[in-house]
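What the coordinates show
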Amino acid sequence: METTTCRLCGTVFEPRRTTQKYCSPTCSRRHRDREWRNRHHDDTTQTLRAQLESAVIENRVILEATTAKFQMQLDAAERKARDRLTFQANRNERETDVLRTRLRDLASINVDIACEVPELKAQITELQLENARLIHSQRADFQDFTQIAGRLFELCSRLGLPLDKATKEIFQRRGWRTSTLVPEQ
Ligand SMILES: [Zn+2]
């Protein structure tokens, strides 16, 4: 009798038919169950894979749409920021120009003043000298005047003449003695 090996459990047995592959109905059934499970498992795997692929595609679409949206927002924000920066830069430049012009004006005024200072100093010196000359000449005049007044008083006394009204007023104003050696008329 010819023997064969069970494809499932490996037992060596005598097949009743030439097509018999398993030692027992149990092994045969187990084999069928296993086959079914494997097929079912494959189906499940394929379904999951298909779901996964579609989910991946869907996510990619969402990601691309979101990326595009954010890119647009980013571009808009960048444009806005650049515009604002340009505006600010222009304004700063204008203000700088104004300040520079004002500074230049002030500098030229400063130069004018600096030029005038020596001239003014010279004028002051001249006025001081003039003042000293006037004071000196006034002192001399006063000495002369006092001399003449003293002499006049002496002569009037000697001649027995009183001082005239105007001269007497001058003497009084200066706090000098006014009565000559004669009785007043
Ligand atoms: Zn078997």
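Our subject is the structure listed above.
So, here's what we can say about the structure. (Residues numbered from 1 in each chain as written. Predicted model: local features only at pLDDT ≥ 70, side-chain atom pairs only at ≥ 80, totals over all residues. Heavy atoms only, no water.)

1. Considerations on the overall build of the protein chain
Selection rule: Think of it this way: any DSSP run of H or I at least four residues long counts as a helix, any run of E at least two long counts as a strand, and we number them from the N terminus. It is over C-alpha atoms that the radius of gyration is taken, and the globule rule equals 2.2 Å times the number of residues to the power 0.38. Any residue under 20% of the maximum accessible area for its type is buried, any over 50% is exposed, and the rest in between are partly exposed; the area is computed with a 1.4 Å probe on protein chains only. What makes two residues a contact is simply this: any of their non-hydrogen atoms within 4.5 Å. Calculation of accessible area relied on Shrake-Rupley with a 1.4 Å probe; when residues are assessed, cover is drawn exclusively from the protein chains displayed. Neither His nor the chain ends is counted toward charge; the positive residues are Lys and Arg and the negative residues Asp and Glu. In this description, the location of a charge corresponds to atom NZ of lysine, CZ of arginine, CG of aspartate or CD of glutamate.
For the protein chain, the count of helices and strands is two helices and two strands. A compact globule built from 185 residues would reach a C-alpha radius of gyration of about 16 Å, whereas the protein chain, at 67 Å, exceeds it by more than 25%. Principal-axis analysis of the C-alpha atoms gives the protein chain an extent of 200 × 30 × 30 Å. Burial status across the protein chain gives 8% buried among its 185 residues. Restricting the contact set of the protein chain to residue pairs at least 6 apart, pairs at least 24 apart contribute 19%. Just so you have it, the protein chain exposes about 16400 Å², and 56% of that area is on carbon and sulfur atoms. A distance of 11 Å separates the average location of the 32 positive side-chain charges in the protein chain from that of its 27 negative side-chain charges.

2. Side note on the nonpolar core
The following threshold applies: Joining through side-chain atoms within 4.5 Å is the link that ties buried Ala, Val, Leu, Ile, Met, Phe, Trp, Tyr and Cys residues into a set, and such a set is a nonpolar core.
Formed by Ala149, Phe153, Cys156, Leu163 and Phe171, the largest nonpolar core amounts to five residues. The dominant element in this core, judged by the number of residues it contributes, is helix H1 (residues 25-159), at three residues. Setting aside chain neighbours within four positions, we find Phe153 in contact with Leu163, Phe171, Arg177, Thr178, Ser179 and Thr180.

3. Details of the packing of aromatic side chains
Basically, it comes down to this: Aromatic rings from Phe, Tyr and Trp, taking only the six-membered ring of Trp, are treated as a pair when their centres fall within 6.5 Å; an angle between ring planes under 30 degrees marks them as stacked, one over 60 as edge-to-face, and anything in between as tilted.
Applying the stated criterion to the full structure yields three aromatic pairs. Judged by centre distance (5.3 Å) and plane angle (85°), the rings of Phe171 and Trp176 are edge-to-face. Phe171 gets classed as buried once you look at its relative accessible area, which sits at 5%.

4. Looking at the coordination of the zinc ion
The condition that has to hold: We call an atom a donor if it is N, O or S and sits within 2.8 Å of the metal, or 3.2 Å for Na, K and Ca. Water is not counted, so some sites may look partial. Every geometry call rests on angle ranges, with four donors termed tetrahedral when all angles are between 85 and 135 degrees, four termed square planar and six termed octahedral when opposite donors are over 155 degrees apart and all others are between 65 and 115, and everything else termed irregular.
For the zinc ion, the full set of protein donor atoms is Cys6 (SG), Cys9 (SG), Cys23 (SG) and Cys27 (SG), and the range of their distances to it is 2.0 to 2.4 Å. Here the zinc ion binds four donor atoms, and the angle range of 100 to 121° at the metal identifies the geometry as tetrahedral. Written as a sequence motif, the donor residues of the zinc ion are C-x2-C-x13-C-x3-C. Pair noted here: Cys6 is in the loop between strand E1 (4-5) and strand E2 (12-13) and Cys23 is in the loop between E2 and H1, with a separation of 17 residues, a long-range link. On the basis of relative accessible area, Cys23 is assigned to the partly exposed category, the value being 25%.

5. Remarks on the side chain of Gln20
Relative to the elements of secondary structure, Gln20 occurs in the loop between E2 and H1. Judged by its relative accessible area of 13%, Gln20 falls in the buried class. Not counting residues up to four positions away in its chain, the partners in contact with Gln20 are Thr4, Phe13 and Pro15.

6. Regarding a nonpolar patch on the surface
Note the following rule: Only residues whose relative accessible area exceeds 30% and that form no salt bridge are eligible for patches; like-charged ones are grouped when within 9 Å, while nonpolar side chains (Val, Leu, Ile, Met, Phe, Trp, Tyr) are grouped when within 5 Å. Just to be clear on terms, a salt bridge is a Lys or Arg side-chain nitrogen sitting within 4 Å of an Asp or Glu carboxyl oxygen.
Together, Leu106, Ile109, Ile113 and Val117 make up an exposed nonpolar region whose accessible area comes to about 340 Å². Its location among the elements puts Leu106 in helix H1. The exposed category is assigned to Leu106, whose relative accessible area is 51%.

7. Focus: the environment of Val56
When you line up the elements, Val56 lands in helix H1. Of the residues examined, Val56 reaches a relative accessible area of 39% and is grouped as partly exposed. C-alpha of Val56 to C-alpha of Thr26: the two residues are 30 residues apart in sequence and 44 Å apart in space.

8. Describing H1
Put simply, the test is: Working rule for helices: expected span equals 1.5 Å times residues minus one. Working definition for bend: take the seven residues up to and ending at a residue and the seven starting at it, fit an axis to each, and measure the angle between the axes.
Over its 135 residues, H1 extends 188 Å from the first C-alpha to the last, a length consistent with the 201 Å expected when each residue adds 1.5 Å. At Val117, H1 shows its largest kink, close to 25°, and the proline Pro118 lies no more than four residues downstream. When H1 is considered as a whole, its buried residues turn out to be Cys27, Ala149, Phe153, Cys156 and Ser157. On its buried face, H1 is in contact with helix H2 (165-173). Two residues or fewer past H1, Gly160 is found with a positive phi of approximately 75°.

Note that all results are geometric; they support no functional claim without further evidence.
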